[in-house]
Amino acid sequence: MTDGPERAVTRRATQPALPAVAFVDTDRVDFVEHPPPPLTAAEGRAVDRLWAETTARNPATFDGPLVASLGLDRPAPGRVSVRWARTTYRHRALRRLRPPGEVPGSVFVTVLLPTEEGLTVGRGSPATAAPGRWTLPGGAAEPPPEGRPLDLAALRAHAVRELAEELGVHAAESELRLSALTRGARFGSLGFHFLAPPVPAGLVRRHHARLAAAESAHGIGPELDTIAFVTGPDRPETVLARCADYLPQLLDRHFTRADRGGGGAAHDRTGRTP
């Protein structure tokens, strides 16, 4: 018998786990490109085999380009340097082949979209890599064209595109501010979380409904099949039960700032590593 949402929440309360992510304190983020980690011949064959199994389960899966995180350096106080490489989705299969500390992490972006009813979250549709999982709108970062830099401006532009693709909500790149930088505890994946200006909840619902109808008419279906609005500790149990690993900590941090009078406002300093 599987645990329901109520049991999942109880287990979380009685057996607290270690933090899934750490907040990285920085005033400046630099990006340094490196070659992708080499694979042994056996790893290359295993990656191809595992990718074939993935596409057999979900033919819509696309081996698209990705930014892989190779780690963080701190060349100076208040400054972080991100080592990154160009890779593709199939190389995530390395998570099944190597110890966690030897696997490149992901680089992804999210958007915190406030409304008068709370922050906007969405549930992954059956066509996504994580169906049923609640997340903020966002996605894995794609590398820039050859010869162009990866920087915060590029990640901000990607976050704007994800917001439009997943919710149908359009925002100007200049309106998004970096609210937090997180580093995953297991693979070291880096999350760049941008705060957008508030919009009415009704507008978000209408835009998402139109987007879902348009994509369904073309036989695609939306990436987020359901949206909700969460308000810190009052967020629904269903969101707590199955969500992206960063989400509980990021929501708590955002609403703690708001309770302290900061209104959840973003700034360039992105929190302290515990």
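Residues numbered from 1 in each chain as written. Predicted model: local features only at pLDDT ≥ 70, side-chain atom pairs only at ≥ 80, totals over all residues. Heavy atoms only, no water.

**Considering the overall build of the protein**
Helix and strand content of the protein: six helices and twelve strands. Split into buried and exposed, the 274 residues of the protein put 46% on the buried side. Look at the contacts in the protein between residues 6 or more apart in sequence, and 72% of them connect residues 24 or more apart. (Helix = DSSP H or I, 4+ residues; strand = E, 2+ residues; numbered from the N terminus. Buried < 20%, exposed > 50% of the residue type's maximum accessible area, 1.4 Å probe, protein only. Contact = heavy atoms within 4.5 Å.)

**Thoughts on the packing of aromatic side chains**
Applying the stated criterion across every chain, the model contains two aromatic pairs. With centroids separated by 5.8 Å and ring planes inclined at 40°, the aromatic side chains of Phe-31 and Phe-192 adopt a geometry described as tilted. Taken together, the positions of Phe-31 in strand 2 (residues 28–33) and Phe-192 in strand 11 (residues 190–195) put the pair 161 residues apart, joining distant regions of the chain. Consider the rings of Phe-108 and Tyr-246, whose centres lie 5.5 Å apart with planes at 35°: the pair is tilted. Here Phe-108, found in strand 5 (residues 105–112), pairs with Tyr-246, found in the loop between helix 5 (237–241) and helix 6 (247–262); they are 138 residues apart in sequence, far enough to count as distant. The buried category is assigned to Phe-108, whose relative accessible area is 16%. For Tyr-246, a relative accessible area of 5% puts it in the buried group. The ring of Phe-187 is capped by Arg-95, whose NZ or CZ atom sits 4.6 Å from the centre of that ring. Taking the ring centre of Phe-23 as reference, the NZ or CZ of Arg-253 above it sits at 4.6 Å. (Phe/Tyr/Trp six-rings, centres within 6.5 Å; stacked < 30°, edge-to-face > 60°. Lys NZ or Arg CZ within 6 Å of the ring centre and 35° of its normal.)

**So, the pairing of strand 4 (residues 79–88)**
For strand 4, the buried fraction is high: seven of the ten residues fall into the buried class. The pairing of strand 2 with strand 4 spans six bridges and is classified as parallel. Residue Val-32 lies in a different strand from strand 4, and its bridge partner there is Arg-83. With nine bridges joining them, strand 3 (residues 65–76) and strand 4 adopt antiparallel strand pairing. (Pairing = 2+ DSSP bridges.)

**Observations regarding the confidence of the model for the protein**
Mean pLDDT over the protein: 86, with 86% of residues reaching 70 or higher. Mean pLDDT in the protein bottoms out at helix 1 (residues 5–14), which sits at 37, and peaks at strand 11, which reaches 98. Below pLDDT 50 for its whole length, residues 1–15 participates in ten contacts with residues either more than four positions away or in separate chains. In this model, residues 263–274 is a region of pLDDT below 50 whose contacts with residues beyond four sequence positions or in other chains number 46 contacts. (pLDDT = per-residue confidence, 0-100.)

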